[in-house]
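Residue-level structural notes
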Amino acid sequence: MPLSRRELIHCAGVTGIAALAAGIAIVPDGLWAAKEGSMGPLPDVPVGGLIRPPGALPEREFRSKCISCGTCVNVCHVMGYDAIALAGLSDLRNFGTPYIKDMRDFPCGLCMECPGACPTGALRKVEKEKVLMGMALIDFGLCFGWNGDVCLSCSKACPLGAKVFEFFYGEWGNQPYINESCVGCGLCVKYCPLGGSAIKVVKRERYRELRGPYLEDFRKLQSMQNEERYQVVYGSNLPEIMARGRLVEREYR
Amino acid sequence: MCSMVVSTVRGSRFRLSLVRRVLLLVVIGLFLLQFFKLKVLVGGLSGSIAVSFVKFLDVFAYLESLIASGDFTTDALLAVVPIAGIYLIFGRAFCGWICPMDFLYELVGRIRNPLRRIIILPPAVGYIIAVSLLLLSALLGAPLFTKYLSHLTNFFRLITGGVFLALDLPVEASVVFYSASVLVALLILEFFFPRLWCRVLCPVGKTYGLFNKASLLALRFEKAPCAGCSLCNQQCYMGVKIEENTDRPGLRDLNCIYCNRCAEGCATKGGLVSMKLRWWK
């Protein structure tokens, strides 16, 4: 029986709404699934908030200015970095505001396009070197350079290079150290060859609290005597590094 | 330009409604180019940047952002000036010509629903809502409407999120889920209460409505005799009282979105009612 025009439109409408409802029902499946385990570097160190795109105003002002229009997200996509995502419902206050979601796979390339594109002024134009997205911390227990190797991958990936990286060459490898001119783009996080990366980027505010204990760790490792350091490297660090190494295949995309 | 279009159209079967839909498609199409890595129009209808040069910012979004942060920036002002300029010429034409909800609502309107009811509320209600949203934004320190409730923000968040989900790029699925829910809620609202959103609730439209009072584009009435058939009022889904005003030279109603349906519906076929760009009253 041929359908009349009105019936046809009716059917199309109902089908459309049903399809939308079905689509919504499917989405939540992937919603909570992709939570990473505690396999990252420095598992005890919280990031301390959302890592914002470069040039972001201080948190409070940023939240009050950003209208969630998505211009930065799309500019980042056009530039081919895909680093920025909008924050989800788990944090209602920050809902819809942009942040760097997945540094391990999609770090910020510091192309500095998003601050120039933001229509609200929540992101402001700054020089590359003066960006303060965060601060990269090396997990000395996982880093190849700190456990008998010469790796250099992080320093090669760094857009600011020698300005940020310091190396302490010694018996136990070419030990890298990231100094405070780091801007927190996360390129080193991605290019660290260790499965799950050995570098974590934390918020600047968080780093101010962490600075003391972190530097103490650094000095303690450097001043360790041969036998003691051997125990640390071969006793605990290398088995952990080997275990994470097996994750490499999964990690690289 | 517009009066020229209308005058060539007068009497023919050409429909300006079709032009409206083509323009909407073109605008959405320009926005979709960003997923093909072309920087023509990047962002969404709440805020965007054209060809890496001109920034656009929705007027109500600007007001919210300004009031919530209590901080004036030239960045935001430079972005809102082009939009304010466009709508100082075309008035509330945004709603009828650019807003994607206008088209979606038209589709919803075609589904038969015996429970559909038109709710009439005084125009002041919409402005009270808009002002309270602004005050709440100031109180909460965040652009409440634009960030959470806006149909424009959520429409483009849904598109971007959907594309990113499909391409397996970083995106929070809960954002896509939320935006889809808001849009579905708006469509359900439309299913039962036609254009309640556009006529009363939407603060974006209310803001552009204020532009109607000063815009170059306005409804004009010729001195041709009106038969009083009321076809124009029936065609207008924004509830503008057109027939009652035909004895005046023109009409600047806060709710007029320049869809041209009244002119097309008029028994005199554009002889009586038309949209015209004019410098004078």
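Keep in mind that this is a model prediction, so the values were computed, not measured.

Quick look at the overall build of chain B
Summing up its helical and strand segments, chain B has 14 helices and six strands in all. A compact globule built from 281 residues should have a C-alpha radius of gyration of about 19 Å, and chain B, at 19 Å, falls within 12% of that. Per-residue burial over chain B gives 45% buried out of 281 residues. Of the contacts formed within chain B by residues at least 6 apart in sequence, a portion of 70% connects residues at least 24 apart.

Digging into the overall build of chain A
Counting its secondary structure elements, chain A contains nine helices and six strands. By residue count, 42% of the 253 residues in chain A fall in the buried class. Partitioning the intrachain contacts of chain A with sequence separation of at least 6 by distance along the chain shows that 75% fall at a separation of at least 24.

Some remarks on the sheet that holds strand β4 (residues 217-221) of chain B
All names here are of chain B. Sheet architecture is open: three strands sit in the order β5-β4-β6, paired in antiparallel fashion. Because the sheet does not close on itself, it has two edges, and the strands there are β5 (250-251) and β6 (273-277). Note that β4 and β5 share two bridges and pair antiparallel. Bridge assignment links L219 to a residue of β5, and that residue is L251.

Examining unusual backbone geometry
Even without being a glycine, M112(A) presents a positive backbone phi close to 60°. Tracing the backbone shows M112(A) in the loop between β2 (98-100) and α4 (114-117). Residue M112(A) is classed as partly exposed on the basis of its C-beta count, with 19 C-beta atoms lying within 10 Å. A positive phi angle, near 60°, is found at R195(B), a position not held by glycine. Positionally, R195(B) belongs in the loop between α10 (173-192) and α11 (196-201). Owing to 24 C-beta atoms within 10 Å, R195(B) belongs among the buried residues under this scheme.

A few points about the confidence of the model for chain B
All names here are of chain B. This prediction gives chain B a mean pLDDT of 88; 94% of its residues lie at or above 70. Counting interchain partners and residues more than four positions distant, the pLDDT-below-50 stretch residues 1-12 has 16 contacts. Of the two predicted TM-score estimates for the complex, the pTM is 0.85 and the ipTM is 0.87.

A look at the interface of chain B and chain A
Frequently, the measure chosen for interface size is the accessible area that the parts lose on association. With 49 residues of chain B at the interface, the matching set in chain A holds 41 residues. The set of elements that each furnish at least two residues to the side of chain B that touches chain A consists of β1 (41-43), β2 (47-50), β3 (54-57), α3 (59-69), α4 (74-90), α8 (144-149), α9 (151-166) and α10 of chain B. Ranked by residues supplied to the side of chain B that touches chain A, first place goes to α10(B) with nine residues. For the side of chain B that touches chain A, the residue count by class is 23 nonpolar, 15 polar and 11 charged.

Re the domain arrangement of chain B
Residues and elements named next belong to chain B. Domain annotation of chain B identifies domain 1 (2-210) and domain 2 (217-277). Using C-alpha coordinates to define each centre, domain 1 is positioned 25 Å away from domain 2. Every contact between the two is made by 23 residues of domain 1 and, on the other side, 20 residues of domain 2. Only α1 (2-9), α2 (16-32), α4, α5 (93-97) and α11 provide two or more residues apiece to the side of domain 1 that touches domain 2. Looking at side-chain class alone, the side of domain 1 that touches domain 2 contains 11 nonpolar, six polar and six charged residues.

What to know about the sheet that holds β2(B)
By definition, the strands of a sheet pair up through backbone hydrogen bonds, in either a parallel or an antiparallel sense. Residues and elements named next belong to chain B. Here we have three strands laid out as an open sheet, ordered β1-β2-β3, and antiparallel in their pairing. This sheet does not close on itself; its edge strands, each paired only once, are β1 and β3. Pairwise comparison of adjacent strand axes, ignoring direction, gives a mean angle of 25° for this sheet. With four bridges connecting them, β2 and β3 associate as antiparallel partners. Across the sheet, residue A50 finds its bridge partner in β3, namely V54.

Section: the nonpolar core
Soluble globular proteins: nonpolar side chains tend toward being buried together. If you look at the biggest cluster of nonpolar residues, it comprises 135 residues, and the most contacted ones within it are C72(A), A136(A) and I199(A). When residues of this core are assigned to their parent elements, the largest contribution, nine residues, is made by α10(B). In terms of domain composition, this core takes at least three residues from each of domain 1 (2-210) and domain 2 (217-277) of chain B. Not counting the four nearest positions on each side in its chain, A136(A) is found in contact with I178(A), C182(A), G184(A), C188(A), V189(A), I199(A) and V201(A).

Conventions and cut-offs
- Residues numbered from 1 in each chain as written.
- Chains lettered and ligands numbered in written order.
- Predicted model: local features only at pLDDT ≥ 70, side-chain atom pairs only at ≥ 80, totals over all residues.
- Helix = DSSP H or I, 4+ residues; strand = E, 2+ residues; numbered from the N terminus.
- Rg over C-alpha atoms; globule rule 2.2 N^0.38 Å.
- Buried ≥ 20, exposed ≤ 12 C-beta atoms within 10 Å, placed from the backbone.
- Contact = placed C-beta atoms within 7 Å.
- Pairing = 2+ DSSP bridges.
- pLDDT = per-residue confidence, 0-100.
- Nonpolar A, V, L, I, M, F, W, Y, C, P; charged D, E, K, R; others polar.
- Domains from an automatic or database assignment.
- Axes fitted to C-alpha atoms, helices over the stretch in contact; angles between N-to-C directions.
- Core = buried A, V, L, I, M, F, W, Y, C linked by C-beta atoms within 7 Å.

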